[in-house]
Number of protein chains: 2
Amino acid sequence: MTNNLFNKLSDNQISNINKIILDQINTPVEMLNNACAHLITSGGKRIRPRFAIIMAGLLDKTLVNDEAFARTAAAIELLHTATLLHDDVIDESQLRRGKPSTNNLFGNYVAVLGGDYLFAKVYTLALYNNKNILLNEFSRAVTTLVEGEISQMDNIADINLSEKEYFKVIYAKTSILFEVAAKLPGYILDIDDDKINLLAEYGIAIGNAFQIVDDVLDYTATEQTLGKDIGNDLEENKITLPLIYCLQSLDNEKDITEFKQAIKDKNIKLINDFIKKTNSIEKCLTKAKSMIGEAFQKLNIFNDNEYKDALLELNNLIINRDY
Amino acid sequence: MTNNLFNKLSDNQISNINKIILDQINTPVEMLNNACAHLITSGGKRIRPRFAIIMAGLLDKTLVNDEAFARTAAAIELLHTATLLHDDVIDESQLRRGKPSTNNLFGNYVAVLGGDYLFAKVYTLALYNNKNILLNEFSRAVTTLVEGEISQMDNIADINLSEKEYFKVIYAKTSILFEVAAKLPGYILDIDDDKINLLAEYGIAIGNAFQIVDDVLDYTATEQTLGKDIGNDLEENKITLPLIYCLQSLDNEKDITEFKQAIKDKNIKLINDFIKKTNSIEKCLTKAKSMIGEAFQKLNIFNDNEYKDALLELNNLIINRDY
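Residues numbered from 1 in each chain as written. Chains lettered and ligands numbered in written order. Predicted model: local features only at pLDDT ≥ 70, side-chain atom pairs only at ≥ 80, totals over all residues.

**Quick notes on the overall build of chain A**
Check the secondary structure of chain A and you find 17 helices and 2 strands. Computed over its C-alpha atoms, the radius of gyration of chain A comes to 20 Å, within 12% of the 20 Å expected for a compact globule of 323 residues. Looking at the 323 residues of chain A, the share that counts as buried comes to 48%. Relative to all contacts within chain A whose residues are 6 or more apart in sequence, the contacts with residues 24 or more apart total 75%. (Helix = DSSP H or I, 4+ residues; strand = E, 2+ residues; numbered from the N terminus. Rg over C-alpha atoms; globule rule 2.2 N^0.38 Å. Buried ≥ 20, exposed ≤ 12 C-beta atoms within 10 Å, placed from the backbone. Contact = placed C-beta atoms within 7 Å.)

Here's what the structure looks like:
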């Protein structure tokens, strides 16, 4: 996702946001600084704050360069980063974005406490806009992410997970933060609730599509392009949309039994055969596309400008990414 | 600390605060509810919110029963509880207040995520007073607690830890939350900064004394009265005030060498002999008493009332507790 309008229209603001974030983690405790700096400077596409910036431009171009808004957009990235720190502790992950994870390099205690530290900074940054609704949204995001993470553990290895339950899980895991990013500029500009709801709907669609493609890539990507292991979800007994659509498409008992057994056995080759035979990857991508398309359509109440063009690009980039 | 004025003047408000807290953890995720409820209903003296209530009464009796204030006082207890959850994960503690810890009963992932959940609720509750300064204070408390926890890890086994460094550690670990509890009512009532500073100073003195007595009890208590293992600090290589005062009091090289070796060897019997010989426990308690006394003296600018009497009681209770 380089050299496109979505990035071009947000690059300057992201430089500023990176500075805002690094300023926040300037603590007298050296190890904490090192750990936070390691995580924050080790890549990441900053897609959530970029998304907030582009949504701001759709509503009001002057907001894009507003300093208080920048702090709130930085808060979204910090919140996301804090959850990654804690997720890596919970999953005992050794790698993050192809580099050693914080828990791996600095120990669990630094990763747990570092996450707490960043969560606190989320609110410090969010206070600059002086709007309680923003702080409530950040708290709702954290509690939703936590509920999602724990629900996902409960769902593990549930071969009969429904499509509806899957969408509940990915909302709580991923889409919530895109929803918050999309709504932020609307709250800051005090626009009507009806319009806020359209922004929310589009944010959720983008988040859903982002996660669906993530789940698809876990079956289709090569390890080289993805920068992490593939087949992870199966390894961790996570039932995702490709498997759900595949199971929906099978209509004879023998196939169904064989497919369920393949999931239990973690037989990736056999599973991929079934996925191909049932066109389940295409069905996933079609679903993602149609969700985005419907929600984007409703943004036509906002005037056309280059930020809307950038969103149109984003719609395609999300579906077509291979990493 | 039962049947005293400090508790009597805060009991009704604490019942309300317990309800406020339980309302906040009413999530659709059963395991998260169970884990939070386990922690919150499994005892705890609620000393921090009680302290905030009594300080409120010192300033303005009507604040004591104010609902928005109650939510902010509840936030202090939730913040404290969230840090306990994460501390137990980091220390791999199996017991908390004599009962199985949350990580022990529900697993690390529930304890880490449960802590995150409670941190988010701190801000939800703190927003009711509609004062940014309160949210900033809560964020400062979290970042200070984190910095303190990580610094303490750095200081471990540093036999030459100075008294000054010790007080920095216990401020960040304990006194910060008593400071915030003491200042909260002042911020809500918009009193002058000079007065806020006196409240802060007294809160810090109470917190320091509380922690000094904790550190003393680790050497003097019986396991039965304390409800947890004694000698823990030595076991964990934590250098606390009894050891610092003891080392300060020794004036011949032979004793100093022998004492330092005893710390390295974790020879609790020999250490206790040195502590007795140098009256280090008494020196610790004298220090705690004088810190509280000086700070309390300065509260004489506030009118006498039963809440001030309760604080006078608290001053003694903190020093004389045996658990």
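**A closer look at the relation of the copies chain A and chain B**
Note on the identical chains: chain A maps onto chain B by a rotation of 180 degrees and an axial translation of 0.0 Å, with an RMSD of 0.0 Å. With respect to symmetry, the two chain copies, as superposed, fit the operation of a two-fold axis. Mapped onto chain B, 97% of the interface residues of chain A are again interface residues, and the two copies thus contact each other with one and the same surface. (Least-squares fit on C-alpha atoms with pLDDT ≥ 70 in both.)

**What about the interface of chain A and chain B?**
By a frequent convention, interface size equals the accessible area lost on bringing the separate parts together. Taken together, the contact between chain A and chain B spans 34 residues of the former and 33 residues of the latter. Taken together, the residues of the side of chain A that touches chain B break down into 20 nonpolar, 10 polar and 4 charged. (Nonpolar A, V, L, I, M, F, W, Y, C, P; charged D, E, K, R; others polar.)

**Description of the environment of T220 of chain B**
All names here are of chain B. Relative to the helices and strands, T220 is located in helix α10 (residues 193-220). The class for T220 is partly exposed, based on 17 C-beta atoms found within 10 Å. In the structure, T220 is positioned 23 residues away from L243 in sequence and 13 Å away in space, judged by C-alpha atoms.

**Remarks on helix α16 (residues 280-297) of chain B**
Residues and elements named next belong to chain B. Under the 1.5 Å per step criterion, the end-to-end length of α16 is 26 Å for 18 residues, consistent within 8% with the ideal 26 Å. Looking only at α16, the buried set comprises S280, C284, A288, M291, I292 and A295. Buried residues along α16 cover an arc of 115 degrees about the axis, so they all sit on one side. Seen from the open side of α16, the exposed residues pointing more than 90 degrees away from its buried face are S290, G293, E294 and Q297. (Expected span 1.5 Å × (residues − 1). Arc of directions from axis to C-beta.)

**With respect to the packing of helix α5 (residues 67-91) of chain A against helix α9 (residues 163-188) of chain A**
Between two packed helices, what matters for the description is the angle formed by their axes and the separation of those axes. All names here are of chain A. Where α5 meets α9, the axes come as close as 11 Å, and the angle between the chain directions of the two elements is 165 degrees. Comparing their axes, α9 and α5 come out roughly antiparallel. Judged by the sense of rotation from one axis to the other, the crossing of α5 with α9 is right-handed. For the pair α5 and α9, the contacting residues are F69, T72, I76 and H80 in the first and L177, V180, A181, L184, P185 and I188 in the second. Among the residues forming the contact of α5 with α9, the class breakdown is 8 nonpolar, 2 polar and no charged. (Axes fitted to C-alpha atoms, helices over the stretch in contact; angles between N-to-C directions. Parallel < 35°, antiparallel > 145°, perpendicular 65-115°, else oblique. Left-handed = near helix turned anticlockwise from the far one by under 90°.)

**A closer look at unusual backbone geometry**
Residue and element names in this part refer to chain A. At K266, a position not held by glycine, the phi torsion is positive, near 55 degrees. As for its position among the elements, K266 is in the loop between α14 (253-265) and α15 (268-277). Residue class for K266 comes out partly exposed when judged on the 13 C-beta atoms lying within 10 Å of it. One non-glycine residue, N279, lies in the positive phi region at around 55 degrees. Its place among the elements puts N279 in the loop between α15 and α16 (280-297).

**Thoughts on the packing of helix α4 (residues 47-59) of chain B against helix α9 (residues 163-188) of chain B**
Residue and element names in this part refer to chain B. Packing of α4 against α9 leaves a shortest axis separation of 8 Å and a crossing angle of 35 degrees. With respect to the hand of their crossing, α4 and α9 are arranged in right-handed fashion. In contact with R48, F51, A52, M55, A56 and L59 of α4, α9 contributes L177, F178, A181, A182, L184, P185 and G186. Classifying every residue of the contact of α4 with α9 gives 11 nonpolar, 1 polar and 1 charged.

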